[in-house]
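The lines below spell out each chain.
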Amino acid sequence: MKVLYFAWLRQRTGVGEEDIDPPAGVTDVAGLIDWLKARGPGHAEALQDVSAIRVAINQEFAELDSPVAPGDEVALFPPMTGG
Amino acid sequence: MKVLYFAWLRQRTGVGEEDIDPPAGVTDVAGLIDWLKARGPGHAEALQDVSAIRVAINQEFAELDSPVAPGDEVALFPPMTGG
Amino acid sequence: MTIRVQREDFDVGAELKRLTEGNHAIGGVASFVGLVRDMADSKTIGAMTLEHYPGMTEKMLTEIEAETKNRWPLEASLIIHRYGRMEAGEQIVLVATASPHRLAALESCHFLIDWLKTKAPFWKLEEAGDGEGRWVDARDADDAAAERWNTGPTPKKHAAE
Amino acid sequence: MTIRVQREDFDVGAELKRLTEGNHAIGGVASFVGLVRDMADSKTIGAMTLEHYPGMTEKMLTEIEAETKNRWPLEASLIIHRYGRMEAGEQIVLVATASPHRLAALESCHFLIDWLKTKAPFWKLEEAGDGEGRWVDARDADDAAAERWNTGPTPKKHAAE
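Residues numbered from 1 in each chain as written. Chains lettered and ligands numbered in written order. Predicted model: local features only at pLDDT ≥ 70, side-chain atom pairs only at ≥ 80, totals over all residues. Heavy atoms only, no water.

What chain A contains, in helices and strands, is three helices and five strands. From first element to last, N terminus to C terminus, chain A shows the α and β order β-α-β-α-α-β-β-β. Its C-alpha atoms give chain A a radius of gyration of 12 Å, near enough to 12 Å, the size a compact globule of 83 residues would have. Projecting the C-alpha coordinates of chain A onto the three principal axes gives extents of approximately 35 × 30 × 20 Å. Counting over 83 residues, chain A shows a buried share of 49%. (Helix = DSSP H or I, 4+ residues; strand = E, 2+ residues; numbered from the N terminus. Rg over C-alpha atoms; globule rule 2.2 N^0.38 Å. Buried < 20%, exposed > 50% of the residue type's maximum accessible area, 1.4 Å probe, protein only.)

Of all three pairs of chains sharing an interface, the pair with the highest contact count is chains C and D. A gap remains between chain A and chain B, with no contact made and the closest C-alpha atoms lying 29 Å from each other. Considering only C-alpha positions, the minimal separation of the non-contacting chain A and chain C is 10 Å. (Contact = heavy atoms within 4.5 Å.)

Before going further, it helps to examine the nonpolar core. Grouped together as the largest cluster of nonpolar side chains are 56 residues, with contacts concentrated most on C:F32, C:V95, D:F32 and D:V95. In contact with D:V95, not counting residues within four places along its chain, are D:A30, D:S31, D:F32, D:L78, D:I79, D:C109, D:L112, D:I113 and D:L116. (Core = buried A, V, L, I, M, F, W, Y, C linked by side-chain atoms within 4.5 Å.)

Okay, the environment of A:A69 next. All names here are of chain A. Here A69 lies in the loop between β4 (60-62) and β5 (73-77). Among the residues examined, A69 registers a relative accessible area of 32% and is labelled partly exposed. Distance in space between the C-alpha atoms of A69 and V29 is 9.8 Å, their sequence separation being 40 residues.

Between chain B and chain C, the contact holds 21 residues from the first and 27 residues from the second. Counting each side, the surface lost to burial between chain B and chain C is near 1,900 Å², with a carbon and sulfur contribution of 59%. Of all residues in chain B, the largest losses of buried area upon contact with chain C belong to B:Q59, B:T81 and B:G83, amounting jointly to 37% of the total for that side. The tally of links from chain B across to chain C stands at two salt bridges. Looking at the side of chain B that touches chain C, the elements that each hand over two or more residues are β1 (2-5), α1 (7-13), β4 (60-62) and β5 (73-77) of chain B. In terms of residue class, the side of chain B that touches chain C is made up of 12 nonpolar, six polar and three charged. (Buried area = accessible area lost by both parts, 1.4 Å probe. Salt bridge = Lys/Arg side-chain N within 4 Å of Asp/Glu carboxyl O. Nonpolar A, V, L, I, M, F, W, Y, C, P; charged D, E, K, R; others polar.)

Moving on, we get to the pairing of strand β5 (residues 76-82) of chain C. Residue and element names in this part refer to chain C. When you tally the buried positions in β5, you get seven out of seven residues, the bulk of the element. Side-chain alternation along β5 places A76, L78, I80 and R82 on one buried face and S77, I79 and H81 on a second face that is also buried. One ladder, built from five bridges, connects strand β1 (residues 2-6) with β5; its direction is parallel. Counterpart to T2 in the pairing with β5 is L78. Direction of pairing for β5 relative to strand β7 (residues 91-99): antiparallel, over a ladder of six bridges. Paired with L78 across the two strands is A96, which belongs to β7. (Pairing = 2+ DSSP bridges.)

Moving on, we come to helix α2 (residues 56-71) of chain C. Residue and element names in this part refer to chain C. Between its first and last C-alpha atoms α2 spans 23 Å; for 16 residues at 1.5 Å apiece the expected length is 22 Å, and the two agree. All of the buried residues along α2 are M56, T57, M60, L61, I64, E65, T68 and R71. Within α2, the buried residues cover an arc of 165 degrees as seen down the axis, which keeps them to one side. (Expected span 1.5 Å × (residues − 1). Arc of directions from axis to C-beta.)

In this model, chain C carries an average pLDDT of 91, and 93% of its residues clear a pLDDT of 70 or more. Model confidence for the complex: the whole-complex pTM is 0.92, and ipTM, which rates the interface, is 0.92. (pLDDT = per-residue confidence, 0-100.)

It is worth spelling out the sheet that holds β4(A) at this point. Taken together, five strands build an open sheet; the order of strands is β2-β1-β5-β3-β4 (chain A) and the sheet is mixed. Because the sheet does not close on itself, it has two edges, and the strands there are β2 (17-19) and β4 of chain A. Along the sheet, successive strands turn relative to each other by an average axial angle of 25 degrees, direction set aside. Packed on one face of the sheet, helix α2 (residues 56-71) of chain D meets β3 (54-57) and β4 of chain A and runs near 95 degrees to β4(A). (Axes fitted to C-alpha atoms, helices over the stretch in contact; angles between N-to-C directions.)

Let us now look at the relation of the copies chain C and chain D. Here chain C sits on chain D after a turn of 180 degrees about the axis and a move of 0.0 Å along it, with an RMSD of 0.0 Å. Taken together, these values place the two copies in the relation of a two-fold axis. Measuring from the rotation axis to each C-alpha of chain C, the shortest distance belongs to C:G13, at 1.7 Å. Both copies contact each other with a shared surface, as 100% of the interface residues of chain C are interface residues in chain D too. (Least-squares fit on C-alpha atoms with pLDDT ≥ 70 in both.)

In structure tokens, the structure reads:
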């Protein structure tokens, strides 16, 4: 599974992209975020407030209860501010 | 008094602009239009349906009961279609 | 704040560039260009001639622009309206507004063209395929579009969006 | 129907010209240009950097453009969005729509920029005068502006205005 971080999530985790292999118990976005928090203090800080995080799975918007599977590209980012 | 005609009012009257000297009894736009109708068959045809005519006095929009006076510039035209 | 009534064509890119040049308070520029299209009421149109009321045209455009500035916080605005004969595909009119705020630019541009259509003294004579000239009728939809800005819940001035 | 996501600046005049060239069915072109302004929340901004999600950006812009075409009768449309570092006064984004009808062009242009602001994966990092970078917060007003197009009485397709 590939995880991408953008904007302040990228800055706080200190990584733009990482390949991960979460355990079988991680089946949805909420579970994935919980598991990612344990990767270090930067991750823990970046991911502590899930209400501030938006998610896309394979470049489609998703929710906290959306299922994730091996091979997915999961992106975590703040609300968008383009235009 | 100067009268200007635009669009199909200009075409039907056959004149774009004319200097006129209406009698003292002509005191408002409606009276002026009635008086102008007698200037010829083109004028009579152009001015027969006052509901199709818009008016400006001295380049400000006016109504049928707006007063007119010697020295005024009165313009008669159909509803506008610019833009 | 610029108003021009002219026979000749205009360069949209150059005009928009001039509108914003050096003004870094501008966050958004909205514009509308009206063109002569080749169809009207299911008839083919080759060209049209725009007649106007010199003097009153400039006066009305100035009033419309002043009203726009009164309603929205604008940094710059522009109205260019052509008159005379124009063929299908030619540009007729350009309105543009620049504001710190996106919504103010978009709304004021929409307002400018809606009001211009019913309040500026222009008249269109279309040349149909048969060579006949036909004065275009005013459309109820245009009156309704202009009227909407009188009755709608438009705030007087957005301090911010 | 054109979508471009690019580092370099764009020429609004040339883009709008290309949009309408040779298409005489077009009666109106509406456009919006977003610029970097030098003030935000009462702070002076010297420059900003736009980060985006390559791949998903193009995908979302394509979906937004398709939705726009589905709602309004358009002859042509254009979205150009830049990324990377831009200084105050620089152009960030251009959206433009061309339709036989004025109202369709104006409304669809407004819709495009409103939806783009909340649905395209871009993030702004502002450089304040003190050299500090600050990630811009999403604004409730932008969400409301985008939401309006879901609940408003927008007709599916205007046959004519």
